[in-house]
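Structure at a glance
Each chain, letter by letter, is given below.
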Amino acid sequence: MEALDRLSDHLSTRLLDLNLAKQEGRKIIGYTPGGFLPEELVLASGAIPIGFIRGGNHDMVELAGAYICHWIDTFWRAQIGYGISGDDPYYSIIDLLVMPITDNHSRALMDVLDDNTAIEIFPFGIPHTKDDPAFKYYLNGITRLKAKLEEVTGVEITEIKLKEAIDLCNRERELLREISLARRSRKVPISSRDFIALGHGSFLADKQVMVEVLESVVKELEEPVVSSHDGPRILLTGSTLAQGDSKVIDLTEKAGGVIVIEEFAEGIKPYWESVNLDGDLMAALADCHFARRVPPGWFRPGRERLDFLVKLAKDFDVAGVIWYQLMYRESYKVESYYFPDILKKGAGIPLLIVESDYDSAEIETLRTRVEAFIDTLRR
Amino acid sequence: MAKYYDELLKLCGFTDRDITQEGLRIEKAFQKLELGPEDMMNAEAWVRQHHDIELLGVRRILGLWIKELVDLVLCRDEGKKVVYYGFPTIAGPGMAIKVAAPEHVYCSCPDAVLCHSLGQIFNKLDPVLEAGEQNGLPPGHGLCTLQTIRVGGMAKGIIPVPDMVIMSSYYCDMGSKTDELLRERYGQPAIVVDGSMDSRWGEFPDYRPERVKFLGAELNKFIDKTREILGLDLTPDIWEKAMAFNKAVRVRVRELTDLMKADPQPVSIAASELATLLITASTGRSVTEGPEVIATLSKEVRERVRAGIGVLAKGSPRVMTFLTSFTDPSIARMIENAGLAMPVMFNSATLRMRPLESTYTTIGEKRAEVQLEVGMFHSSYGLAKRWAEVVEDFKLDGSIWGYQFNCRPSAETSHLIPKFVTETTGVPCLSLEVDYYDNRIYSAEALKTRVETFAEMLKSRKAEGAA
């Protein structure tokens, strides 16, 4: 796809561009990728948001072992490795790291970086439930964030600037939604690999460029699908799908499966909801990013997401679900015990659970399991 | 006629009258628990080997745990409403429910009760753990074994499905998620008491008022939900009474803890742990009989202190652990046998609390404020800071940060707390990966090498200091 080439070109010089922007006085705001940070606030402050979505590298996981035991989720241990080693250059150029504290795994990163690096961190807590006190706490968190961003950038986040930023981010979400929904067709117009690349790109790219790329993709999708991917349609879900962690996608594709929809708490930016521009904009941000957002596995009750997965399975007419989780993310592990029954009752399809610690030694075991599952679906 | 359980019960401080009074209930509970004559013999040997049974106080505390176990196993059959809470927990909610309807409610942390009874006394927790592993919490994934015990207990039908569960959602993800699993399976109503530990490393003792408001609102929600689900009105008077009950037991525990500071250490930490955890796990026997039984133990320990009797040599290096094993007293014994005195567990230490002039008005907010002041539910840094303070206050020679490997709030501090404590106090802190609830892998033998090496280092430091 031409649009993807453009995105790739843009990202290849992104670090250079960010350094130039920084020299011109713009602030770079890093954030961890759970979808709870309203990028709109960062953009409205004139700063540049950068999501830390790299993963898949076992060396970084190993490196974290000097700072934390291995019973913490793989992705977050990898972030400790990146953050401390400087292997991810984005960690070195940020002026502030904003951390929505979701569960104890993200909290581990905050504590370890706080104790071992000079990175300035701004945490704000994400409640695990969706009642009224929780909504107020989230709203308070992003209101504090707004003040912090104004302090760091020296720019007042006005109503007008915020509305412009929301418009831009809403456009990005609408386009991602449109592209994703196109995959409901029997002739799948875009591969999961490409869709995920767009999603990952949206954490790093200039927002305006990203929107233009997505608009180009939509145009390209309007053209007749020449070659479609055949094979059992798959829903891929789990805790985190990081950039560089493509093992399960590679194996599924090689085995002949076609991933047509993904649902992840981290690594795939939520695109199902848009911010409502009526009324108080801060409350509207909280409504979209917290109240209406499909909750991750560590929310309690967590049934909303599981019901959503059943709905996705039906809407995208999938033959099976691959549940891909990283080691030691306990919320997902516990759910993986009772979700197969819910899925069977709700959509009548099977589920395969696979786990990873970003270790290359896992590959053959994963391959056997994925191949057997796709084979079963074919029959 | 003598029954197969008489000897064990007598060993655990039961009188003949107690056995006559409680015999039928005990028999019924033991049947449910599949505890037969052979188990009694094994338990007798285990108790004799690992507990200080020459002390009546220890025997009677073991007896209290058996009574609590029986209450737990039979509560549904005896027509009580059943309420469970998790561990660790904010002090108050469970006790308030119990105070509101003492005759009609059974309220406890069931997994902690099973650990202290089936584990500490019968050494027969493995079948429960295995049942938990087969019913949703498989081994090898770092899933909390305390929760595995709860799941296993319900799967085996030895503990009843509760009428209500209080989730410690302000601290750990695993407990809350396990309650979700159990709700999917059994339909148990659960109240989520949420919070967010989003304070930075270095922030304690400060905190933002929003944290108090959020946790406070969640605790107030718990009060409303309790009215809705159980029909119980948790009025301010009830809370006051609950906190008074709680304090009455804690005062007794504190007396015991103070006695443990003596050199030589008068009794194994395993004995004082049995007393300390009563108030955490139980709202029944801990209140009705706990203060008197703990006082009995304190009296005996006081006599030992007066006579200069100890379980370790005078002058042994003194260390602290977070807890001792909930299930296996041999682990505490192993540490003591390595020559390390353990006068205190962090869980029972008196903390340097600053005077609090609360401006909050609701029950929930007041409870939340206290919890944030304590530190453990504030942040990992709050815990680290408190740990360092206790090391200083008790003038310890070392500390053992035994982090529960499958508890994320604990595991995330595996390196942070030892580093912080060693740097701020100058006192060595050993990071030790443990499982307080399951001794199948993290046994005394498995931990021995690391502890012995640490003990040698402390002894040599102490000798150098004395020279």
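Summarised in this report is the structure supplied together with it. (Residues numbered from 1 in each chain as written. Chains lettered and ligands numbered in written order. Predicted model: local features only at pLDDT ≥ 70, side-chain atom pairs only at ≥ 80, totals over all residues. Heavy atoms only, no water.)

**Digging into the overall build of chain B**
- On a plain count of helices and strands, chain B comes out with 20 helices and eight strands.
- Referenced to the eigenvectors of the C-alpha coordinate spread, the extents of chain B come out at roughly 65 × 60 × 45 Å.
- Per-residue burial over chain B gives 66% buried out of 467 residues.
- Seen as two clouds, the 56 positive and the 64 negative side-chain charges of chain B have centres 3 Å apart. (Helix = DSSP H or I, 4+ residues; strand = E, 2+ residues; numbered from the N terminus. Buried < 20%, exposed > 50% of the residue type's maximum accessible area, 1.4 Å probe, protein only. Lys, Arg positive; Asp, Glu negative; His and termini not counted. Charge placed at Lys NZ, Arg CZ, Asp CG, Glu CD.)

**A short note on the sheet that holds strand β3 (residues 164-169) of chain B**
Residue and element names in this part refer to chain B.
- A sheet is described by the order of its strands in space; here four strands give the open sequence β2-β1-β3-β4, paired in parallel fashion. With partners counted over all chains shown, the strands left at the sheet margins are β2 (105-108) and β4 (190-194), one partner each. For this sheet, the mean inter-axis angle between neighbouring strands, taken without regard to orientation, is 15 degrees.
- In the sheet, strand β1 (residues 81-85) pairs with β2 via four bridges, with the strands oriented parallel. (Pairing = 2+ DSSP bridges. Axes fitted to C-alpha atoms, helices over the stretch in contact; angles between N-to-C directions.)

**A short note on the layout of surface pockets**
Residues and elements named next belong to chain B.
- Computed from the structure, the largest pocket encloses a volume of approximately 1400 Å³.
- What lines the largest pocket is a set of 43 residues, among which A91, N246, R250, Q371 and V374 lie closest to the centre.
- Among the secondary structure elements, those contributing two or more residues to the lining of the largest pocket are α5 (93-100), α11 (236-259), α12 (269-281) and α16 (363-374).
- The element that contributes the greatest number of residues to the lining of the largest pocket is α11, accounting for nine residues.
- A class-by-class count of the residues in the lining of the largest pocket yields 23 nonpolar, 13 polar and seven charged.
- Size it by volume and the second largest pocket reaches roughly 400 Å³.
- What lines the second largest pocket is a set of 21 residues, among which K98, P102, T283, G284 and T288 lie closest to the centre.
- If you list the elements that add at least two residues to the lining of the second largest pocket, you get α4 (56-74), α5, β2, α11 and α13 (285-288). (1 Å grid on protein atoms, 1.4 Å probe; cavity = no way out; pocket = protein on both sides within 12 Å on 5 of 7 lines; lining within 4 Å. Points joined across faces, edges and corners; volume = space filled by probe spheres on them. Nonpolar A, V, L, I, M, F, W, Y, C, P; charged D, E, K, R; others polar.)

**Quick look at a negative patch on the surface**
- A cluster of acidic residues, E2, D5, D9, E178, E222 and E223 of chain A, forms a negative patch on the protein surface.
- Top contributing element to the negative patch by residue count: helix α1 (residues 2-12) of chain A, with three residues. (Patch = residues over 30% accessible without salt bridge, like charges linked within 9 Å, V, L, I, M, F, W, Y side chains within 5 Å. Areas by Shrake-Rupley, 256 points an atom, 1.4 Å probe, with all protein chains shown as cover. Salt bridge = Lys/Arg side-chain N within 4 Å of Asp/Glu carboxyl O.)

**With respect to empty space enclosed by the protein**
- Taken as a whole and assessed by the stated rule, the structure comprises 11 cavities of 30 Å³ or more.
- Residue lining of the largest cavity: 23 residues in total, with G35, K269, P270, Y271 and R293 of chain A positioned closest to the centre.
- Contributing elements (two or more residues each) for the lining of the largest cavity: α3 (39-44), α9 (159-181), β6 (258-266) and α13 (281-291) of chain A.
- Among the elements that make up the lining of the largest cavity, the one with the highest residue count is β6 of chain A (three residues).
- In terms of residue class, the lining of the largest cavity is made up of 11 nonpolar, two polar and 10 charged.
- Estimated volume of the second largest cavity: approximately 180 Å³.
- As for the second largest cavity, its lining consists of 19 residues, of which F87, P88, Y171, C407 and Y437 of chain B are closest to the centre.
- Listed by contribution, the elements that provide at least two residues to the lining of the second largest cavity are α8 (145-155), β7 (398-404) and α18 (408-411) of chain B.
- When grouped by side-chain class, the residues that make up the lining of the second largest cavity number 15 nonpolar, three polar and one charged.

**Considering the nonpolar core**
- Counting 306 residues, the largest nonpolar core has L198 of chain A together with I97, F222 and W387 of chain B as the members making the most contacts within it.
- With 11 residues, the single largest contributor to this core is α4 of chain B.
- Setting aside residues no more than four positions away along its own chain, W387 of chain B makes contact with M320, T321, F322, F346, S399, I400, W401, I417, V421 and C429 of chain B. (Core = buried A, V, L, I, M, F, W, Y, C linked by side-chain atoms within 4.5 Å. Contact = heavy atoms within 4.5 Å.)

**Overview of the pattern of salt bridges**
- Per the stated rule, a full pass over the model turns up 81 salt bridges over all chains.
- The partner of D357 of chain A in a salt bridge is R77 of chain A, with the nearest N and O atoms 2.7 Å apart. Linking D357 of chain A in the loop between β8 (351-356) and α16 (363-378) with R77 of chain A in helix α5 (residues 74-85), this pair joins segments that are 280 residues apart in sequence. Across the pair, R77 of chain A and D357 of chain A agree in class, each one buried.
- Linking R304 of chain B and E54 of chain B is a salt bridge whose minimum nitrogen-to-oxygen distance equals 3.0 Å. Taken together, the positions of R304 of chain B in helix α14 (residues 290-307) and E54 of chain B in the loop between α3 (37-50) and α4 put the pair 250 residues apart, joining distant regions of the chain.
- Owing to a relative accessible area of 52%, E54 of chain B belongs among the exposed residues under this scheme.
- Each of E22, R25, K67, D71, E78, R285 and E289 of chain B takes part in a single network of salt bridges with overlapping partners.

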